[in-house]
Amino acid sequence: MRLLFIATLAKTLHELTVGTDLADQLSTVGIESHFVVDAGNEDAIRSAGYPYSLVHDGMGPRVRETVAAVVRRVAPRAIILSDYLGHWLQHRLNYETDPWYVCDLGPPVVPIDLYDLPRTGRRVEVLGRVVDIDRHDEDMPTRLLPVPVNRPQTPYKRAGQFVLPYRANGDIVPSTAAERFEVRRSLGAAPEERLLMFPTLPWQHAMRTRAGPATRELAERVPRLFGHYLRRLPQQTRFVMTGPYLEGLGLPSERCHVEPAPTVARYHQILGAVDGISSVFLTSYALERAILADVPGVLTVNSVRADGPEDVMALKGRLGGPTSAVHSWLNSFPGPVPPFYAWPLRWTAFLRGMLRDNPFTETVLLTELLDEEAVVGGLEAVLYDIGTRERLAEMRARYRDAMGGLPPVAEAFLSAIETGV
């Protein structure tokens, strides 16, 4: 059996890595895979060892002809969308064409759903506009839910559709002491220092110019406030940036290591060697895979709409402060600060649904951007406090134990495809 994976998102390895990981697992039962990927990710797919075809944003609607030609040549048993939402966004925004030409190419289409869309809702903000994600996924006979960050649960049927949660990245395990030592040395970390990973993505950087006004302001201004928080951490804290450096952070260069475009293998090495992860967006690949690498993390969101310091003061008890730094930042923000769960995109209600009744929330510290002491205290505790680190380690172990009850994805997927459910 041969599959065709479509992973056309540019400037991100998350979607592609989810696809190659699934292809790796399916190869154990003799399933072959071919990929359609963005030209910017050619090095990554070549390193993964799979045959591939390239597309790029400049094709516009002609991408349909290219993919159709690949389908005729490869003759796949099924087409796998490495990220249903990513496929939809890429085609609507960058290719400016209907994404669902893939459903007319013959083979059944199987989505990898990173968000469990039927449980989250469909409204998301895209470049400053609120849009509804379409429902083509509901007509597809099989839906794949990678875990983490989806809920670890046994396969089930919903409205006649076979839903298969499966363990992603089974090859990611905690690094050995020797592996950590070598990677930390390459990052310039002394034995007594704590390493904090702060992952960023090129599209976040691009939102400073591409998005609507409120999102552009978030993209430009949040790093300034968050950089203040990071600079308050103890002097023996060293920062590791995976992705583009955000100038507004203002981190001390002598304690900041930047790798703007690490390979997947290098990314996983860094992930396993750090002492903690700080992220301001869901779903963060680093926070998800930190469960497997057994590394604690802090997720910082903004769940309130704040039109100046007075709004934050009204929330005292839920949020601390505002501190003088937060007060000044709010006063300088042009207009109300919108809530967000996936900085600088808002996606607040959408991602709240994803986190509802999800044990993932217990594996990280969840903090609010406008609560300075909670963010700084949470980061310091994750890096330095033994009790906090042990408690989070227990929660990660529970999540991994729940993942251990998931069926092997290869056999379950093969059965679903062959029976047509």
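Procedures and definitions
- Residues numbered from 1 in each chain as written.
- Predicted model: local features only at pLDDT ≥ 70, side-chain atom pairs only at ≥ 80, totals over all residues.
- Heavy atoms only, no water.
- Pairing = 2+ DSSP bridges.
- Helix = DSSP H or I, 4+ residues; strand = E, 2+ residues; numbered from the N terminus.
- Axes fitted to C-alpha atoms, helices over the stretch in contact; angles between N-to-C directions.
- Contact = heavy atoms within 4.5 Å.
- Parallel < 35°, antiparallel > 145°, perpendicular 65-115°, else oblique.

A. The arrangement of the sheet that holds strand 8 (residues 142-147) in detail. Spatially, 8-10-9 is the arrangement adopted by the three strands of the open sheet, whose pairing is mixed. Both edges of this open sheet fall to strand 8 and strand 9 (156-158), since each of them pairs with a single strand only. Mean inter-strand twist for the sheet, computed between neighbouring axes without regard to direction, equals 30 degrees. Pairing of strand 9 with strand 10 (residues 161-167), which is carried by three bridges, proceeds in the antiparallel orientation. Each residue of the ladder has a partner; that of lysine 157, found in strand 10, is phenylalanine 162. This element, helix 1 (residues 14-26), spans strand 8 and strand 10 of the sheet and lies at about 90 degrees to strand 10.

B. Looking closely at the packing of helix 8 (residues 213-231) against helix 12 (residues 324-332). Where helix 8 meets helix 12, the closest approach of the two axes is 11 Å, and the angle between their N-to-C directions is 175 degrees. With respect to helix 12, the axis of helix 8 lies roughly antiparallel. Between helix 8 and helix 12, the residues in contact are Arg221, Val222, Leu225, His228 and Tyr229 and Ala325, Val326, Trp329 and Ser332, respectively.

C. Looking closely at the environment of proline 141. Note on placement: proline 141 falls in the loop between strand 7 (129-132) and strand 8. A sequence separation of 20 residues divides proline 141 from glutamine 161, and the C-alpha atoms of the two residues are 5.0 Å apart.

D. Representation of the sheet that holds strand 12 (residues 237-242) in the model. Across the sheet, six strands lie side by side as 13-12-11-14-15-16; this open sheet has parallel pairing. If you trace the sheet from one side to the other, it starts and ends with strand 13 (256-259) and strand 16 (364-368), each paired once. Adjacent strand axes in the sheet meet at a mean angle of 20 degrees, parallel and antiparallel pairs treated alike. Here five bridges tie strand 15 (residues 297-301) to strand 16, and the two strands are oriented parallel to one another. Paired with threonine 300 across the two strands is threonine 367, which belongs to strand 16.

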